[in-house]
Amino acid sequence: MLVIRCPWCGERAETEFNYGGEADIVRPTDAEHLSDREWGDYVFMRKNTLGLHREQWVHSHGCRRWFVAERDTRTYQFKSYEKLGAHAMEKS
Amino acid sequence: MWTELDQETPLVGLGHPPGGFTHGQLGSVLLAELPFVELTNLRGEPGSPGFLAAVLDSIGSELPTTPNTVATSADCCAMWLAPNEWLLRSTGAQPTDLARRLDAALGRQFFAATDQSSGYSVIRLSGPHARAVLAKGSPLDLHPRAFGVGQCAQTLHFKTSVLLRRLDLAGQEAWEVIVRRSFADYAVRIMLDAMEEYLGPGVAPGSSSH
Ligand SMILES: [Zn+2]
């Protein structure tokens, strides 16, 4: 079992969490002008990263907050954690 | 024709004693249901001006802002659930109508105070084996080094989510487990099973007569 560090609750067992897929996917703002291909890309297409992967997790059985983690898909080792939105706030 | 309603707890299937369901011995491990505890869920932004002060005014307790900690007052215990969410558990004998008091005190703040008393069951495990019984179903480290008095945590008990709070009852280690009412029967039955090895033979937990 993995030990995952919730940014609020600290280290908890994997069974308390759910996985939420690739992080940093932004919903297009001009959805009505999108081609089917672009819309399909947003909805369905995901990277299949070998190595460091930025992904979303939710502490379902704990504080129920979403956060972003960086995990190495080869070793399952978590490299970093951040609260949701922290990345966006840094950029702005 | 019925003239009054007989309020029942979700553990009615295990028997129906007036003070709540109990099983075990304090010298080993004792499980006790605390029926009809008043619980209020409070959501709000701790950074919002005046929010924490208004809550303190109305319920007499600080809201803990450190994750998974508890703050207590004379008749209320506030448990951290999330950065903007708390569970307020009344500790007095009488309902204190916390949700209404908060509504009145917080007026124009951005908040939500919801009475959840009938949504949850409150179970207390006490005695020297209480921690071992809980540990069978929880992935958390429950050792006093990691989980002391004044802390709470939402976690799993086997397949159901629970809110745990460490208690100190006159020096005796004890735990309070708050579980959704629809899972209460499941959670308690699996605890009774976990207790069996500490209570010795002949004490069949909640199995035969009901
Ligand atoms: Zn958490």
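Residues numbered from 1 in each chain as written. Chains lettered and ligands numbered in written order. Predicted model: local features only at pLDDT ≥ 70, side-chain atom pairs only at ≥ 80, totals over all residues. Heavy atoms only, no water.

Asker: Whenever I open this one, the domain arrangement of chain B confuses me. Can you help?
Answerer: One frequent convention defines the size of an interface as the accessible area lost when the parts assemble. Residues and elements named next belong to chain B. Partitioning chain B into structural domains gives domain 1 (12-36 + 118-209) and domain 2 (39-117). A C-alpha centroid distance of 25 Å is found between domain 1 and domain 2. Contacts between domain 1 and domain 2 engage 14 residues on the former and twelve residues on the latter. Carbon and sulfur atoms make up 58% of the surface buried where domain 1 meets domain 2, a total of about 1,200 Å² over both sides. One can count one salt bridge joining domain 1 with domain 2. Glu176 serves as the salt-bridge partner of Arg89, at 2.8 Å between the closest nitrogen and oxygen. Inspection of the region where domain 1 meets domain 2 yields seven residue pairs in polar contact (both at pLDDT 80 or more). Listing elements by their share of the side of domain 1 that touches domain 2, those giving two or more residues are strand E8 (120-126), strand E9 (152-157), strand E10 (160-169) and strand E11 (172-180). At three residues, the largest contribution of residues to the side of domain 1 that touches domain 2 is made by E9. Here the residues of the side of domain 1 that touches domain 2 sort into seven nonpolar, five polar and two charged. (Domains from an automatic or database assignment. Contact = heavy atoms within 4.5 Å. Buried area = accessible area lost by both parts, 1.4 Å probe. Salt bridge = Lys/Arg side-chain N within 4 Å of Asp/Glu carboxyl O. Polar contact = N/O pair within 3.5 Å; in protein donor to acceptor, adjacent residues only side chain to side chain. Helix = DSSP H or I, 4+ residues; strand = E, 2+ residues; numbered from the N terminus. Nonpolar A, V, L, I, M, F, W, Y, C, P; charged D, E, K, R; others polar.)

Asker: I'm lost on the environment of B:Asp97 in this one. Help?
Answerer: As for its position among the elements, B:Asp97 is in the loop between strand E6 (85-90) and helix H2 (98-106). Overall, the relative accessible area of 36% leaves B:Asp97 in the partly exposed class. (Buried < 20%, exposed > 50% of the residue type's maximum accessible area, 1.4 Å probe, protein only.)

Asker: What exactly am I supposed to notice about helix H1 (residues 51-59) of chain B here?
Answerer: Each α-helix winds once per 3.6 residues, and so residues spaced three or four apart point in a common direction. Residues and elements named next belong to chain B. Those residues of H1 that sit buried are Phe51, Ala54, Val55, Ser58 and Ile59. The buried side chains of H1 occupy one side of the element, clustering within an arc of 110 degrees when seen end-on. Tucked inside the fold, the buried residues of H1 contact strand E3 (39-44), strand E5 (76-82), E6, H2 and strand E7 (111-115). Among the residues trailing H1, Gly60 stands out with phi positive, at a value near 75 degrees. (Arc of directions from axis to C-beta.)

Asker: Even after reading the chapter, I still don't get the packing of H1(B) against H2(B), so can you show me in this structure?
Answerer: A pair of packed helices is characterised by two quantities: the angle between their axes and the separation of those axes. Residues and elements named next belong to chain B. Contact geometry of H1 with H2 gives a least axis separation of 9 Å together with a crossing angle of 135 degrees. Relative to H2, the element H1 lies oblique. With respect to the hand of their crossing, H1 and H2 are arranged in right-handed fashion. Taking contact as the criterion, the partners of Phe51, Ala54, Val55, Ser58 and Ile59 in H1 are, on H2, Leu98, Arg101, Leu102, Ala105 and Leu106. Class assignment for the residues of the contact of H1 with H2 results in eight nonpolar, one polar and one charged. (Axes fitted to C-alpha atoms, helices over the stretch in contact; angles between N-to-C directions. Parallel < 35°, antiparallel > 145°, perpendicular 65-115°, else oblique. Left-handed = near helix turned anticlockwise from the far one by under 90°.)

Asker: Before we go on, may I ask you to explain the confidence of the model for chain B in this structure?
Answerer: Parts of the model with low pLDDT should not have their predicted coordinates read in detail. Per-chain confidence: chain B averages 91 in pLDDT, with 94% of residues scoring 70 or above. The ipTM assigned to the predicted complex is 0.89, against a pTM of 0.91. (pLDDT = per-residue confidence, 0-100.)

Asker: Which parts of the structure should I look at to understand the interface of chain A and chain B?
Answerer: Listed by partner, the interface residues are eleven residues for chain A and 16 residues for chain B. Interface area for chain A against chain B, summed over the two sides, is near 1,100 Å², with a carbon-plus-sulfur share of 49%. On the chain A side of the interface with chain B, the three residues burying the most area are A:Trp8, A:His61 and A:Arg65, jointly 43% of the side's total. Our count for the chain A to chain B interface comes out at two salt bridges. A salt bridge links A:Arg65 to B:Glu85; its shortest N-O distance comes to 3.6 Å. Our enumeration of links across chain A and chain B arrives at eight residue pairs in polar contact (both at pLDDT 80 or more). Tallied by class, residues from the side of chain A that touches chain B come to four nonpolar, three polar and four charged.

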